[in-house]
Amino acid sequence: MKFSGVQWIGEIPDSWEVKKVKNCFYISKEQAHKKKPTILSLARSGIKVRDISNNEGQLAASYENYNPVQPGDLLLNPMDLYSGANCNLSEISGVISPAYVNLRKTVELNPKYFDYYFKIQYWTMAMFSHGKGVSFDNRWTMNAETLLNYYLPFPSYEIQNKIVDFINKKSVELGALIDIENKQIEKLKDYKQVVITEAVTKGLYKNVLTKDSGVEWIGAIPKTWSINRLKFIASYNDESLKEDTKPETVINYLDISSVSLENGITNIESFEFKDAPSRARRITIPGDIIVSTVRTYLKAIASINDSNLIVSTGFCVIRPTSKMNKKFVEFWCKSNKFTEEVSRNSYGISYPAINATSLIGFWITMPPIEEQKMIANYLDEKCKEIDALIAIKQKKIDDLNEYKKSLIYEYVTGKKEVC
């Protein structure tokens, strides 16, 4: 082993060289000049053909200045080196935004080896230290000159191929293990939904007398239960911040993208009112239940525990009355029965939505209040048990992904040799 002369590469095998990107690649800046090209997108899972027919995401006015991509081209995102760190090797032809860097080889090499190498640079934040910009998390960018002078370990073509074959094989093996864990997580999530749905529609006791609820999608319910419409046991709160709120007022804001059926509330942002999104208006109090009325496929449903939390106007805010246990209502809204009814009554294809007044017209089961409390407490404990099992599975996935990263690092930098 010898010192490479580059701090972030460290030691490399004696037979390896160190070169610069410009000695091995050039940045392809051709323009497609095509009326209807195949549009590509750079994703962490690979280079994908982008469907622009559904009008989702940012659309360009014209794609004529997009850069042609060939199989074997290495695409890198030089922007947002913190949040947007990403590179991948293209296996398909098409065009891509000129915002990305398209490296095309000029010497004999295996581009997949360098794809793995640049992935390491992103993962270890090595490229980040060479960027410039206004702030670390916003457009922290590496310019073309810096990239062309970036150092690369350069083993022989034969060794590059051996390393790529080995990592590819190991990646398939690790991917299979990760896939097993992911499938088990999905089964646990499905089981959790079944447990919730059974409890809020059938109760906790087996062999109880039942009756027809009178609502087809609810079915039979215990004989001691009744049903009612949400609007009669909860209010729909549409109270919003006034437009004359002082501009410097700080608000804690919850967007639909920060809420999920499985994980609840995952992120709360703080803004001064003058800088807050126009949809940051709906006022909530602890105990409220929020259900997304736009992009209903997301199933963004959660209960509010924080004071002074402002949520998107894309939420229906449900406030149960004293007739109902708030936790029971929350679990009802998270049940398959309820979410499927939301889906059935949503309109629109790309961005399905439902009217809030329609949503609070849905039926809800009404066990006696003490039984509601028992069901809510049971589901609290049961869901914690299932979530703990999911967390164990997720930890295994995280460990496997970290092992894969360390394996790529060790072999691509020559710390370990392929036998």
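What counts, and where the lines are drawn
- Residues numbered from 1 in each chain as written.
- Predicted model: local features only at pLDDT ≥ 70, side-chain atom pairs only at ≥ 80, totals over all residues.
- Heavy atoms only, no water.
- Phe/Tyr/Trp six-rings, centres within 6.5 Å; stacked < 30°, edge-to-face > 60°.
- Buried < 20%, exposed > 50% of the residue type's maximum accessible area, 1.4 Å probe, protein only.
- Lys NZ or Arg CZ within 6 Å of the ring centre and 35° of its normal.
- Pairing = 2+ DSSP bridges.
- Helix = DSSP H or I, 4+ residues; strand = E, 2+ residues; numbered from the N terminus.
- Axes fitted to C-alpha atoms, helices over the stretch in contact; angles between N-to-C directions.
- Contact = heavy atoms within 4.5 Å.
- Left-handed = near helix turned anticlockwise from the far one by under 90°.
- Nonpolar A, V, L, I, M, F, W, Y, C, P; charged D, E, K, R; others polar.
- Polar contact = N/O pair within 3.5 Å; in protein donor to acceptor, adjacent residues only side chain to side chain.
- Expected span 1.5 Å × (residues − 1).
- Arc of directions from axis to C-beta.

## Points about the packing of aromatic side chains
Between two aromatic rings, the relevant description is the distance of the centres plus the angle of the planes. A full pass over the atoms with the stated rule returns twelve aromatic pairs. Ring plane angle 65° and centroid distance 5.7 Å describe the contact between Tyr-117 and Phe-118, whose orientation is recorded as edge-to-face. Take Tyr-117 and Phe-118: they sit in the same class, and that class is buried. Put simply, the rings of Trp-8, Tyr-117, Phe-118, Tyr-150 and Tyr-151 pair up and form one aromatic cluster. It is Lys-112 that lies over the ring of Tyr-116; its NZ or CZ is 4.8 Å from the centre.

## Considerations on the sheet that holds strand S8 (residues 74-76)
Pairing in this open sheet of four strands is antiparallel, and the strands run S4-S11-S8-S9 from one edge to the other. Both edges of this open sheet fall to strand S4 (25-27) and strand S9 (87-89), since each of them pairs with a single strand only. Each strand axis lies, on average, 25° off the axis of its neighbour in the sheet, ignoring direction. Across three bridges, the pairing between S4 and strand S11 (residues 101-105) is antiparallel. Bridge assignment links Phe-25 to a residue of S11, and that residue is Lys-105. Contacting S4, S8, S9 and S11, helix H2 (residues 111-123) crosses the sheet at an angle of about 170° to S9.

## Some details on the packing of H2 against helix H4 (residues 157-202)
Axis separation between H2 and H4 bottoms out at 8 Å; the angle between their running directions is 65°. Here H2 and H4 pass one another in a crossing that is left-handed. In contact with Lys-112, Tyr-113, Phe-114 and Tyr-116 of H2, H4 contributes Gln-160, Ile-163, Val-164, Ile-167, Asn-168 and Ser-171. Class assignment of the residues belonging to the contact of H2 with H4 gives a composition of six nonpolar, three polar and one charged.

## Things to note about the environment of Asp-255
Mapped onto the fold, Asp-255 is located in the loop between strand S17 (250-254) and strand S18 (259-260). The buried category is assigned to Asp-255, whose relative accessible area is 11%. In the structure, Asp-255 is positioned 60 residues away from Phe-315 in sequence and 8.8 Å away in space, judged by C-alpha atoms. In this structure Asp-255 touches Arg-279, Ser-312 and Phe-315, once residues within four positions along its chain are discounted.

## Focus on the side chain of Glu-330
Following the sequence through the fold, Glu-330 ends up in helix H6 (residues 326-334). At 3.2 Å, the side chain of Glu-330 and the side chain of Ser-303 are in polar contact.

## Overview of the sheet that holds strand S25 (residues 315-320)
Here four strands make up an open sheet; going across it, the order is S16-S25-S22-S23 and the pairing antiparallel. Single-partner strands in this sheet number two, and they are strand S16 (234-237) and strand S23 (301-303). Each neighbouring strand pair of the sheet contributes to a mean axis angle of 25°, computed without reference to strand direction. As judged from the four bridges shared by S16 and S25, these two strands associate in the antiparallel manner. Residue Asn-237 lies in a different strand from S25, and its bridge partner there is Val-317.

## Things to note about H4
Between its first and last C-alpha atoms H4 spans 66 Å; for 46 residues at 1.5 Å apiece the expected length is 68 Å, and the two agree. With its phi angle positive at about 90°, Gly-203 sits one or two positions after the end of H4.

## Considerations on helix H7 (residues 336-344)
Three or four residues apart is the spacing at which side chains of an α-helix point the same way, because the helix has 3.6 residues per turn. Of the residues making up H7, those classed as buried are Phe-338, Thr-339, Glu-341 and Val-342. Projected down its long axis, H7 carries its buried residues within an arc of 160°, all on one side. Residues of H7 that are buried sit in contact with helix H5 (230-233), strand S22 (289-292), S23, H6 and helix H8 (356-359).

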